[in-house]
There are 2 protein chains.
Amino acid sequence: MTKDRIKQEALILFVHKGYEGTSVAEIAKQANIRASTIYAHFESKEQLFLSLFDDVVNEKLKDLAELKNRVENKGIKELLQTILHNHLEEIEHHRDQAVFYKRNAIFPPENLKDKTQAILIFYEERYSQLLRPAFAQGVKEGILRNDPIEKLQTAFYCFADGLYVLSHYYDLSTYKKAVHDTWELFWESIRNKQG
Amino acid sequence: MTKDRIKQEALILFVHKGYEGTSVAEIAKQANIRASTIYAHFESKEQLFLSLFDDVVNEKLKDLAELKNRVENKGIKELLQTILHNHLEEIEHHRDQAVFYKRNAIFPPENLKDKTQAILIFYEERYSQLLRPAFAQGVKEGILRNDPIEKLQTAFYCFADGLYVLSHYYDLSTYKKAVHDTWELFWESIRNKQG
DNA sequence: CCTACCGATCGGTAGG
DNA sequence: CCTACCGATCGGTAGG
């Protein structure tokens, strides 16, 4: 379908050149159609972008829910490691989607800030809700430090976001090593040493 | 001086709207001059941007060197805490410079990628060199875990970059708390527990 | 999905 | 530091 083709090429261009740095004509060229055809499928460049952002966010929530089911009841360490593993897979095989999300979560197009922010708040709340029970159980079982759950979750977000930034600086194999090394230290910091 | 005024306004606009999202005319308007006047001071929009990027990077290196002198010989913990404190001050009082750096380090304008990358490599090498002795001493004195220095430094970069990303999501007071909390856990992960 | 088209704006130059 | 200007491209529309 042409609509999907447009989305596919638009996402790649938005990742590499940014929203403002990508013209509708360029997207059309990559999709082998005329620029005007894009307006048969999308109201505007803005709507095309927002449709992509929405897709990516929903995909991420679906992935997390599925992943959570897969490791059901195996404990917080397994869950976090699986998220990290998934994260690595994403960067290795679906780099563009991963970068599209982060780039526009942190630096959205100026005119669309309000709309991306709204989607983002919805996303982050869901994400937190999905993880909270596992963290709570980890603390209860004495696997994690006896700290407020928000503190532990914030630390995990900080760690995961930091890794994401590092993925922009390092090549893949250096990055994999960095993930392995920093995970070891991070886990050390949140686990319960009395246990 | 008009040249400085142009730089000042350009930086702010590049932060909020991105390089491609900011027009030369817009910069001129904010600086209260005509667009053509910008070309009396800069060869091109590209050169204006690169001059800003260079400035910001040099400023950061100068800050780190100065800060290092200030805490000379007080040990790795004090040094890292001071860097973090400095980081918070930067976000509180020089937000635009801080964001300009990170935004363009991670997502540079497509056409200028090579040039920003070259500046960046220079910067990160210097930064690492400045920190390495303090990490080495920390390990030697048994204050830090007996791990490879690169591993400990990478963990610190991951932590610092993660905090940077969080600063985009949280308001200042929530952010300050997050810095405090995550630092506590991070330090726990790299210190030597035998000591 | 295309041709043909539009007003607005883009980065940049000439010449003073 | 300005006026006057330029070719190219922008996002988008009409009409088929």
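Rules behind the numbers
- Residues numbered from 1 in each chain as written.
- Chains lettered and ligands numbered in written order.
- Predicted model: local features only at pLDDT ≥ 70, side-chain atom pairs only at ≥ 80, totals over all residues.
- Heavy atoms only, no water.
- Core = buried A, V, L, I, M, F, W, Y, C linked by side-chain atoms within 4.5 Å.
- Buried < 20%, exposed > 50% of the residue type's maximum accessible area, 1.4 Å probe, protein only.
- Contact = heavy atoms within 4.5 Å.
- Least-squares fit on C-alpha atoms with pLDDT ≥ 70 in both.
- Helix = DSSP H or I, 4+ residues; strand = E, 2+ residues; numbered from the N terminus.
- Near = heavy atom within 4 Å.
- Polar contact = N/O pair within 3.5 Å; in protein donor to acceptor, adjacent residues only side chain to side chain.
- Nonpolar A, V, L, I, M, F, W, Y, C, P; charged D, E, K, R; others polar.

For chain A, an unreviewed UniProt entry supplies the name HTH tetR-type domain-containing protein and the organism Formimonas warabiya.

With that out of the way, let us pick up the nonpolar core. In terms of nonpolar packing, the biggest core is built from 128 residues, with Leu80 and Phe156 of chain B touching the most fellow members. The residues contacting Phe156 of chain B, other than those within four sequence positions of it, are Leu80, Ile83, Leu84, Leu131, Phe135 and Phe186 of chain B.

Aligned on chain B, chain A shows an RMSD of 0.0 Å; the corresponding rotation is 180° and the shift along the axis is 0.0 Å. Here the copies are linked by what is in effect a two-fold axis. Of every C-alpha in chain A, the one belonging to Gly162 of chain A sits nearest the axis of rotation, 1.7 Å from it. A high fraction, 100%, of the interface residues of chain A reappear at the interface in chain B, so the copies pair face to face through one surface.

Attention shifts here to unusual backbone geometry. Residue and element names in this part refer to chain B. The backbone of Asn32 shows a phi angle near 60°, a positive value even though the residue is not glycine. Tracing the backbone through its elements, the reader meets Asn32 in the loop between α2 (24-30) and α3 (35-41). The phi dihedral of Asn73 is positive, around 70°, even though this residue is not glycine. Among the secondary structure elements, Asn73 is positioned in the loop between α4 (45-70) and α5 (76-93).

Around DNA strand C, a shell composed of 14 residues is seen, among which Thr2, Arg34 and Thr37 of chain A together with Val24 and Lys45 of chain B lie nearest. Within 4 Å of the protein, atoms of DNA strand C come from sugar and phosphate in 62% of cases. One of the backbone nitrogen or oxygen atoms of Thr22 of chain B is found 3.3 Å away from a phosphate oxygen of DNA strand C. Ser23 of chain B places a polar side-chain atom, nitrogen or oxygen, 3.1 Å from a phosphate oxygen of DNA strand C. For the surface near DNA strand C, the secondary structure elements donating two or more residues are α3 (35-41) of chain A together with α3 of chain B. Tallied by class, the residues present in the surface near DNA strand C amount to 4 nonpolar, 8 polar and 2 charged.

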